[in-house]
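Reading the structure
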Amino acid sequence: MNYNVSQLLKEPIGSERDFTITKGETADHSFPIDYAAGYAKLIRTHQGIWVQASVTAQVSQDCSRCLAEASHALDLEIDEEYFPEIDVRTGHQISPPTDWEGLYIGADNLLDLAEAIRQSALAILPLKPLCTPDCPGICDICGVNRNHHQCGCYSEQIDPRWEALRSLMADTKI
């Protein structure tokens, strides 16, 4: 997801480029983005390049109930400004704005969207991902995955203080 923007940096303010982001894998293997696809519009600003992108990222996470791998599609909207580190005309180093902690275009004039996609995905990742909405999870007594096997742990054990209420239930399974 690298784009050479050296020519765009030489053009006047307001110049645009549109790119299609194909299903490319991200280079960062520490983050679980499998691939990302969408489109990006790059607009020349007075200091750098403004990126407006709409991306669908496929993310793998472990289910919070059964620990099986689950895949989710995340719809990301990216609105970021990138500042060049080097002036493309003179080759001199450019000092970034004093209050800027954002993204940069490297000395090779490649704009890398992977970091912006990673940050956007981190912001909207589900805190408790599920493989299915009705995932029963793992039995906390015997450890069996209840998506695949039924265990009788809870039907066999009941607190003796609640035993009298069992007669009130039509179905004795808990």
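Just above, that's the structure.
Values in this document were obtained by computation on a predicted structure and should not be read as measured data. (Residues numbered from 1 in each chain as written. Predicted model: local features only at pLDDT ≥ 70, side-chain atom pairs only at ≥ 80, totals over all residues. Heavy atoms only, no water.)

As paired strands, strand S4 (residues 49-62) and strand S5 (residues 69-84) are joined by 14 bridges and run antiparallel to one another. Opposite Gln52, over in S5, you have Asp79 as the bridge partner. Counted along the chain from S4 to the antiparallel partner S5, the turn is six residues long, and its residue Leu67 has a positive phi close to 70°. (Pairing = 2+ DSSP bridges. Helix = DSSP H or I, 4+ residues; strand = E, 2+ residues; numbered from the N terminus.)

What follows concerns the nonpolar core. The tendency in soluble globular proteins is for nonpolar side chains to be buried side by side. Residues Ile49, Leu111 and Leu113 are the most contacted members of the largest nonpolar core, which totals 27 residues. Those elements giving two or more residues to this core turn out to be helix H1 (6-10), strand S3 (33-44), S4, S5, strand S6 (103-105) and helix H2 (114-124). Of the residues forming this core, the biggest block, six residues, is contributed by S4. Residues within four places of Leu111 in sequence aside, it is in contact with Met1, Asn2, Tyr3, Val5, Leu42, Ile49, Val51, Tyr82 and Ile105. (Core = buried A, V, L, I, M, F, W, Y, C linked by side-chain atoms within 4.5 Å. Buried < 20%, exposed > 50% of the residue type's maximum accessible area, 1.4 Å probe, protein only. Contact = heavy atoms within 4.5 Å.)

The next thing to look at is the pattern of salt bridges. Under the defined criterion, the tally for this structure stands at three salt bridges. In this structure, Glu16 and Lys41 form a salt bridge, with 3.6 Å as the shortest nitrogen-oxygen distance. Highlighted residues: Glu16 in strand S2 (residues 16-24) and Lys41 in strand S3, separated in sequence by 25 residues. Residue Glu115 pairs with Arg118 through a salt bridge whose shortest N-O separation is 2.8 Å. (Salt bridge = Lys/Arg side-chain N within 4 Å of Asp/Glu carboxyl O.)

Tallied over the entire structure, the rule returns zero disulfides. Left without a disulfide partner, Cys63 is nearest to the cysteine sulfur of Cys66, which lies 3.7 Å away. (Disulfide = S-S within 2.5 Å.)

Right, let's talk about the environment of Glu11 for a bit. With respect to the helices and strands, Glu11 occurs in the loop between H1 and S2. Placed 34 residues apart in sequence, Glu11 and Thr45 show a C-alpha to C-alpha distance of 9.8 Å. If near-sequence neighbours (up to four positions away) are discounted, Glu11 is found in contact with Arg17, Arg44 and Arg89. Polar contacts involving the side chain of Glu11 include one to the side chain of Ser15, which spans 3.4 Å. A polar side-chain atom of Glu11 sits 2.4 Å from a polar atom in the side chain of Arg17. (Polar contact = N/O pair within 3.5 Å; in protein donor to acceptor, adjacent residues only side chain to side chain.)

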